[in-house]
Structures are given as C-alpha cells and as structure tokens.
Amino acid sequence: MNRTTLSLIACTVALAAVTGFAAFDPPAASGTSAAGSATERPVERTGLLCPAPSFSDIADTTYTSFTPVTPGAGSGGKATLEAAAEQSADGKGGKGGGKKDQAVLTPKPPGTPALGDTSGSDTPALIGTADGKYAPGWTVQETTRIAAGTGRGLQGVTCTPADTDFWFPGASTAKGRTDYVHLTNPDDEAAVVDIKLYGKSGAVKTTVTDGITVPAHSSEPVLLSTLTDDAQTDLTVHVGVRSGRVGATVQAQDDAGGGDWLPAAADPAGSLVLPGIPKDATDVRLVAFTPGDDDADLKVRLASPSGSITPAGNETVHVKAGMTSAVDLGPVTRGEPGSLILTPTDKAAPVVAALRVVRGKGSSQETAYIPATAPVGRRATAAGNSAKGTTLSLTAPTADATVKVTASAGGDGGSPATKTYTIKSGTSQDVSAPTGGKGTYALTVEPVSGGPVYAARTLTGSSDGVSGFTIQTLPSDRGLVAVPRAEQDLSVLQQ
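Residues numbered from 1 in each chain as written. Predicted model: local features only at pLDDT ≥ 70, side-chain atom pairs only at ≥ 80, totals over all residues. Heavy atoms only, no water.

## Regarding the pattern of salt bridges
(1) Moving on: Scanning the model with the defined rule gives ten salt bridges in all.
(2) Moving on: One salt bridge in this structure joins aspartate 187 and arginine 245, with 2.8 Å as the shortest N-O distance. Of this pair, aspartate 187 sits in the loop between strand 11 (177–185) and strand 12 (191–199) while arginine 245 sits in the loop between strand 16 (235–243) and strand 17 (247–254), and the two are 58 residues apart along the sequence.
(3) Moving on: Between arginine 242 and aspartate 194 there is a salt bridge; the shortest N-O distance is 2.8 Å. Here arginine 242, found in strand 16, pairs with aspartate 194, found in strand 12; they are 48 residues apart in sequence, far enough to count as distant.
(4) Moving on: According to the relative accessible area criterion, arginine 242 is partly exposed, its value standing at 48%. (Salt bridge = Lys/Arg side-chain N within 4 Å of Asp/Glu carboxyl O. Helix = DSSP H or I, 4+ residues; strand = E, 2+ residues; numbered from the N terminus. Buried < 20%, exposed > 50% of the residue type's maximum accessible area, 1.4 Å probe, protein only.)

Quick look at the structure:
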C-alpha cells in the first residue's frame, strides 16, 4: 500500500464523518455489518429543512429539537435553525414578514429536548445546521394546530435533509383538495427542480416544462393545481433536481377531511412496509406507483398484534407501469392497530406507495398519511411527544425482533427511561412508551437483536375542540455513517 492509497482512505473516512445526509443502514437483517467491511462513526455535521407550516392566520405551530446521546460524538459544536427567504404561494416572494430574523428555538445539548412556538401564516420555512455533538441523530419536529378552515386539525412533519429525488404517492388535484409541494434550498446556489405528475392513465401534462428555480437559501411552495387543468383524485408526484439539492414535502389539505403533511416515500423497492395504522381508522386508502417499465403485482398483508392477515377482497393489487393505482381498504384494522406489508406475488418490480388514513366521520373526520418507509436501522428518533398524546407502533415483518425504546428527559425536567420489547415476526404492536420526564419528550428506538424493525409515531391532540392526529414514520436518524475499514501496511509510514 502506498501513500496515495492511504490518503484516499483518509479522505473517504473524513468525508463520511462530516456527511450528515448519509444514513447508515446495515445490510444484514440482524442489524449487524459484515466483519471487517466497515466501521461506524458519528456524523460530525448534518442539516435539516422544515417547510413553512401553514397559510392559515389561526395556525399555531410548535417546534421540538432533540439530539440523542451518541457515544463517540465530539464535545463541542452547535445547532441552529434559521428562516429561509420564503416565497409567496404564487412564487413571487414576500412571505415571511418580520419573523425572518427570529429564531423559533435554541437547540439544547444531547439528551434534552428544546421547544419553540410560533403562530400565524407568516412563519417561514427553516434551514437548520448542526455540528459536533449536536449533529448525530439531530431531529426536529414541526407540529401545527389549525382550529378551522382548510387543513383543520393537527398537521405534523419531521424536518428532513436535502436530497435530489423524491416520490409522493397520495397527492391530489381533485376538487376540495389544496396540495402544495414545498421546496427548500439550503445551499449558496440556485436549484433547478422538475415536478412530474402521474395519474391513473399515466403521465399528466403540466404547464411547467423548463423546471422550477428555487433561489439560494429560500423556499417556494408550488400549488399542484396550478401545474395542470387535469383534476385527479390520486396522483403520484415526482420531484427531481436537475442542479443543486432541495428539501421537498407535500402539504395535502382537504376541505372536508382536514389535512396533513405527506412526506416522501421510501425509494422504489419490490417489498414495502407502511407502519402505524391506528386501530380506530375509519378508512384507509392505498396509493401505489411503479416508475419502471414492468407492471407490479403485490400481495397485501396486514400485520396485526396477533399475526399477519390478508384483507378480505384486497388480497393483491396490480400496479400498471407508469400509472398510479389506488385501492380503498376501508376500516381495514377493525379495532386493532396494524401495519401494511406489500410483497411481490412473483417477479419483483420497484414500487412506491403511501396510505391515506382517516379517523372519525362526517364533520369530525381528520386525515393523516403514512408513506412506505425504510427500517429503523441502528437507531431512529422522534421528537415532540407528550404523555397522553403519543402512540408508538413497532413492526417486525420477517423475523422476531427485540427493540429498546428510550424516552428522554422532558422539556420540563425529569430523567430518561428505557423499556425493551419483543415483537413477533409478522406482527405490529402499539407499545406504551416509558416515562420518566416531565413535559414534551423524545423517543429513541434501537433494535437489539433479530430481524428488521419498522416504526411510526402517532400524535393526537385538539385545538378549540377540534380533534386531530398526525403520523410520522421513523427511519434511521442518520446519526452514524459507515466508513471503510482498511488494513494498513504500517511500513509505509516509515518511508
């Protein structure tokens, strides 16, 4: 091994350690890495992007920041959330007003959640950065309560890192729906973004052919109904970045059914898991899309507390290539919590999918979304939990799994608490979170042994008598990255 090889290895290790946008998901089902292939290191820098929460003047938004304690992390550093130069809903600028220079919160050291509140329609999107001990697993939750009007109820989203490719099955341009794609650019150069829509018959013709420019350090909401005259009940939205990178999230709002954030679905895959369907769901709608050239035939299973079952009348779903398919599963959970598992009936084809979940009926109904998600990996974190309004769902689709769940100290004090749970293969369990803190707290989920685990967190609450709920999936919190493990010829150091 020569000096050049050693230098390349050192550069690779250094780049991995500072790249907060890389997630470490072990390849083995047991959650372990192949011996000698790589080692784990805490990230040294990371970034998060939070969309502008609402266009409603009566919206109240709470932000919660949390970094879990990570062995091996640095001792210094800081985390900040700054306002983006927010554009108006028509893309002409001007939203954000006097709040641009006001920090919504100051993140606290690892192990302690930090809270901040804001209200009204002029709250801008946020661009967050963290380094040192604040970076590994840094999580920010944005939760908004709207008492009346379009999108009423509870809306929640976990702030996400920037990327270049996003899929959103479950969007709509139907009458009564107001769906925005929020694009946030954290970088010093403008980003150019393409938005493509796919309906039940394939690609939908749009009015934008040259891409959408998102200026540096800014955010722009794009109303889907302005991109096409074609009213579609079920759409798949693809956001692709030609240059630069952005954060992208869809805000899906319904005049009759409230609304919520629709996060990007997991990357296209042959098998998918959509965890955390509430036991009292009154209607569940599956929306799926395959971006490849081949149709996909999927077996549909519901993982319940007692085992895996096949929904009557919806044993399989056929997804035509390039077309959005939707299946109404009705009250599929029937009084028990569950998670949907999609697997190929024969030859696998890549698929993206999401669920539209409704609770309540009539004027009291409310809506949330569950995208297909990646497994927890080494660790996942959810901030913004409360003692009475949080439900944690854990799913082990292929093998028994043992999972450790830690509740942090609360925003008002207290101590962390930990419980360990065993999830049987093919089941989904709602577990009672351990409690030791006072006030708002964070949950950290860590698989201990067994097969892969998928997780989701449901928040419930009310505003001026209007009840609501929101669901966030828990993929890896990106706190660790894998770096090459190389054997060095120490004699080269003496040359």
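## Notes on the nonpolar core
(1) Moving on: Leu274, Ile277, Leu286, Leu340, Leu342 and Leu355 are the most contacted members of the largest nonpolar core, which has 29 residues in total.
(2) Moving on: Residues within four places of isoleucine 277 in sequence aside, it is in contact with Val284, Leu302, Thr333, Pro337, Gly338, Ser339, Leu340, Leu355 and Ile370.
(3) Moving on: Grouped together as the second largest cluster of nonpolar side chains are 26 residues, Phe168, Leu197, Val239 and Ala252 included. (Core = buried A, V, L, I, M, F, W, Y, C linked by side-chain atoms within 4.5 Å. Contact = heavy atoms within 4.5 Å.)

## Observations concerning the sheet that holds strand 3 (residues 59–66)
(1) Moving on: Pairing in this open sheet of four strands is antiparallel, and the strands run 6-3-8-9 from one edge to the other. The open sheet has two free edges, formed respectively by strand 6 (114–119) and strand 9 (153–158), since each of these has just one partner strand. Put simply, the sheet's adjacent strands are angled 15° from each other on average, direction ignored. (Pairing = 2+ DSSP bridges. Axes fitted to C-alpha atoms, helices over the stretch in contact; angles between N-to-C directions.)

## Some words on the environment of leucine 342
(1) Moving on: Tracing the backbone through its elements, the reader meets leucine 342 in strand 25 (residues 338–344).
(2) Moving on: Taking relative accessible area as the criterion, leucine 342 reaches 0% and is therefore assigned buried.
(3) Moving on: Put simply, leucine 342 and arginine 301 are 41 residues apart on the chain and 6.5 Å apart in space, counted from C-alpha to C-alpha.
(4) Moving on: Not counting chain neighbours up to four residues away, the residues in contact with leucine 342 comprise Gly270, Ser271, Leu272, Leu274, Leu286, Leu298, Lys299, Val300 and Ala353.

## Concerning the sheet that holds strand 33 (residues 441–450)
(1) Moving on: If you trace the four strands from one edge of the open sheet to the other, you get 28-33-30-31, paired in antiparallel fashion. Two strands bound the open sheet, and with one partner strand each, they are strand 28 (380–385) and strand 31 (417–423). Ignoring strand direction, the axes of neighbouring strands in this sheet form an average angle of 25°.

## Some words on the packing of aromatic side chains
(1) Moving on: Within this structure, the stated rule accounts for five aromatic pairs.
(2) Moving on: Measuring from centroid to centroid gives 4.8 Å for phenylalanine 55 and tyrosine 180, while their planes differ by 50°, and the two rings are tilted. Separated by 125 residues along the polypeptide, phenylalanine 55 in the loop between strand 2 (45–50) and strand 3 and tyrosine 180 in strand 11 bring together distant segments of the chain.
(3) Moving on: With a relative accessible area of 28%, phenylalanine 55 lands in the partly exposed category.
(4) Moving on: Using a relative accessible area of 9% as the deciding quantity, one classes tyrosine 180 as buried.
(5) Moving on: Note on tryptophan 167 and tyrosine 198: the rings are 6.4 Å apart at their centroids and 40° apart in plane angle, and the pair reads as tilted. (Phe/Tyr/Trp six-rings, centres within 6.5 Å; stacked < 30°, edge-to-face > 60°.)

## Examining the side chain of threonine 64
(1) Moving on: Within the element layout of this structure, threonine 64 appears in strand 3.
(2) Moving on: Setting aside anything within four residues of it in sequence, one finds threonine 64 in contact with Leu105, Pro113, Ala114, Leu115, Thr139, Val140, Gln141, Ala383, Gly384 and Thr440.

## Some details on the pairing of strand 20 (residues 281–289)
(1) Moving on: With respect to burial, strand 20 is a largely interior element, seven of its nine residues being buried.
(2) Moving on: As paired elements, strand 20 and strand 26 (residues 352–359) share eight bridges and run antiparallel to each other. Across the sheet, the residue bridging to leucine 286 is leucine 355, located in strand 26.
(3) Moving on: Strand direction decides the pairing type here: strand 20 and strand 24 (residues 324–330), joined by six bridges, are antiparallel. Note on strand 24: the bridge partner recorded for arginine 285 is aspartate 328.

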